[in-house]
Amino acid sequence: MNLDRKRSVLPPLDPQDQLLAHALQIDGRAPFRRIAEVIGVSDQTVARRFARLRSAGVLRILGLTEPLRMGEVPWFVRIRCAPNASAQIGEALARRRDTTWINLTAGGTEISCLVRPQRPGGDALLLEKLPGTPRVVDVSAHSLLHVFYGQDRSLVTKSGPLTADQVVALTPPDAPDTPVVELAAPFPVEAADHRLFDVLALDGRAPIGELAAATGWSQTTVRRRLAELRAAGVLYFDVDYHPRIIQRNFRSLLWLSVEPSRIEAVGAALASHPEVPFAAATTGDANVYASITTPDVGSFYRYLTGPVAALPGILGTSTTPCHRTVKGPGPLWSGDRWELMRA
């Protein structure tokens, strides 16, 4: 099936679709009955709409883990490669379980991605293999130190149509009181937890019975462990959605060099900007990173010369427009799914 035909079968997004996407971003495992009560429709309507959007590739729910809460240090990696090599290298990277958010940038001569350490028994560390890869010209890596905005929060969180009261009604009781992204000591997880994570990475709404079968736990134990992991910020649920959910056509990566004493203020400001779905502090000369999404290139220019220019302590900026997202959140990759994400 060609790309134009794939796009043609995507269902239109009406106001109830938008409400559903926002509700699932707040709690990806919320029962359809609870969502229906909050947004004022029947639970059959919610279930039918979710099934339609999911089967068309418009959205899916992923259960993901926060590496900093597990004592892992993920890396932002930038790979410069020979012309016409980025698509092939990007898809090879996408097949690895230790990569997420693989973007082709800079006119196809650069790849950016997030890499997290492999659990014991995985293959060789990606950062050791990349420099010897044919057609890779240069590799730079920056440790992710702190997340200001992202994970279970997205642009849908900022722009979704639910009211404040509806958001409160849908917020799960086991959600962390505040967004936290690191621990003084890693939160302890065991082998069965990893089996739980593997199932949820494929389907964040997997039934309790399926999770019990994967872990060997009782259904009561699964429910209790899910609540513990969510409350600790180790496990969160994200909506992996097609760009038509937010109707923005221009994406770019923004790297800022910021005075150390101003990093926290800059990160907090970026977290509040409606254009920013993700912002973090990193190592390196460019010590703050953000993903930017705007309706068009003109809006991006106005954002750079307005809100970004007004940030305190900025010593330098670097931008790299994204022209294709090869892989999004989560360790698993489906080539057909991500063909829908071509810019």
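Treat the numbers as computed from the prediction; the structure is a model and nothing was measured.

Rules behind the numbers
- Sequence order as written defines the numbering, with residues in each chain counted from 1.
- Restriction of local features to residues with pLDDT of at least 70 applies here, the model being predicted, together with a cutoff of 80 or more for giving and counting side-chain atom pairs; totals for whole chains, interfaces and linings are based on all residues.
- As a rule here, side-chain values cover all heavy atoms of the structure and leave hydrogens and water aside.
- Between any two strands, pairing holds if DSSP finds at least two bridges.
- Numbering of helices and strands runs from the N terminus, with a helix taken as a DSSP run of H or I at least four residues long and a strand as a DSSP run of E at least two residues long.
- Lines fitted to C-alpha atoms define the axes, with helix axes restricted to the stretch in contact, and inter-axis angles between N-to-C directions lie between 0 and 180 degrees.
- It only takes one pair of heavy atoms within 4.5 Å for two residues to be counted as in contact.
- Throughout this description, the term nonpolar core refers to a set of buried Ala, Val, Leu, Ile, Met, Phe, Trp, Tyr and Cys residues connected via side-chain atoms within 4.5 Å.
- We call a residue buried when its accessible area falls under 20% of the maximum for its residue type, exposed when it is over 50%, and partly exposed in between, using a 1.4 Å probe and counting protein chains only.
- The labels follow the angle: roughly parallel below 35 degrees, roughly antiparallel above 145, roughly perpendicular from 65 to 115, and oblique for the rest.
- When residues are grouped by polarity, Ala, Val, Leu, Ile, Met, Phe, Trp, Tyr, Cys and Pro land in nonpolar, Asp, Glu, Lys and Arg in charged, and all others, Gly among them, in polar.

Chemist: Explanation requested: the sheet that holds strand 2 (residues 75-81) in the structure shown.
Modeler: What links the strands of a sheet is backbone hydrogen bonding, and the strands pair in either a parallel or an antiparallel sense. The strand order around the closed barrel formed by 8 strands is 2-4-3-10-7-9-8-5, and the pairing between neighbours is antiparallel. Between one strand axis and the next, the sheet turns through 35 degrees on average, direction left out of account. Bridge count for strand 7 (residues 250-258) against strand 9 (residues 288-294) is 7 bridges, and the pairing is antiparallel. Residue pairing in the sheet places Leu-254 in a bridge with Ala-290 of strand 9. In the packing of helix 13 (residues 297-308) onto the sheet, the strands contacted are strand 7, strand 9 and strand 10 (314-327), and the crossing angle to strand 7 comes to about 20 degrees.

Chemist: Mind showing me how you'd approach the nonpolar core here?
Modeler: It is characteristic of soluble globular proteins that their nonpolar side chains tend to be buried jointly. In this structure, Leu-24, Ile-35, Leu-59, Leu-196, Leu-211, Val-222 and Leu-226 are the most contacted members of the largest nonpolar core, which totals 43 residues. Counting residues per element, this core draws most heavily on helix 2 (residues 15-26), which supplies 6 residues. By size, the runner-up hydrophobic cluster in this structure holds 20 residues, among which are Tyr-149, Phe-300, Val-308 and Leu-311.

Chemist: Honestly, the pairing of strand 4 (residues 110-115) in this entry has me stumped. Any pointers?
Modeler: Regular strands place side chains that alternate from one sheet face to the opposite one. In terms of burial, strand 4 is a largely internal element, 6 of the 6 residues being buried. Side chains Glu-110, Ser-112 and Leu-114 of strand 4 all project onto a buried face; the interleaved residues Ile-111, Cys-113 and Val-115 project onto the opposite face, where all are buried too. Across 6 bridges, strand 2 lies against strand 4 in antiparallel orientation. When the sheet's bridge partners are listed, Val-77 is paired in strand 4 with Cys-113. Direction of pairing for strand 3 (residues 99-105) relative to strand 4: antiparallel, over a ladder of 5 bridges. Along strand 4, the bridge assignment pairs Leu-104 with Ile-111.

Chemist: Would you mind going over the packing of helix 2 against helix 4 (residues 43-55) with me for this structure?
Modeler: When two helices pack together, their arrangement is given by the angle between their axes and by how far apart the axes lie. Where helix 2 meets helix 4, the closest approach of the two axes is 11 Å, and the angle between their N-to-C directions is 90 degrees. One element, helix 2, and the other, helix 4, form an angle in the roughly perpendicular class. Across the interface between the two elements, Gln-16, Asp-17, Leu-20 and Leu-24 from helix 2 touch Thr-45, Val-46, Arg-49, Phe-50, Arg-52 and Leu-53 from helix 4. Split by residue class, the contact of helix 2 with helix 4 holds 5 nonpolar, 2 polar and 3 charged.

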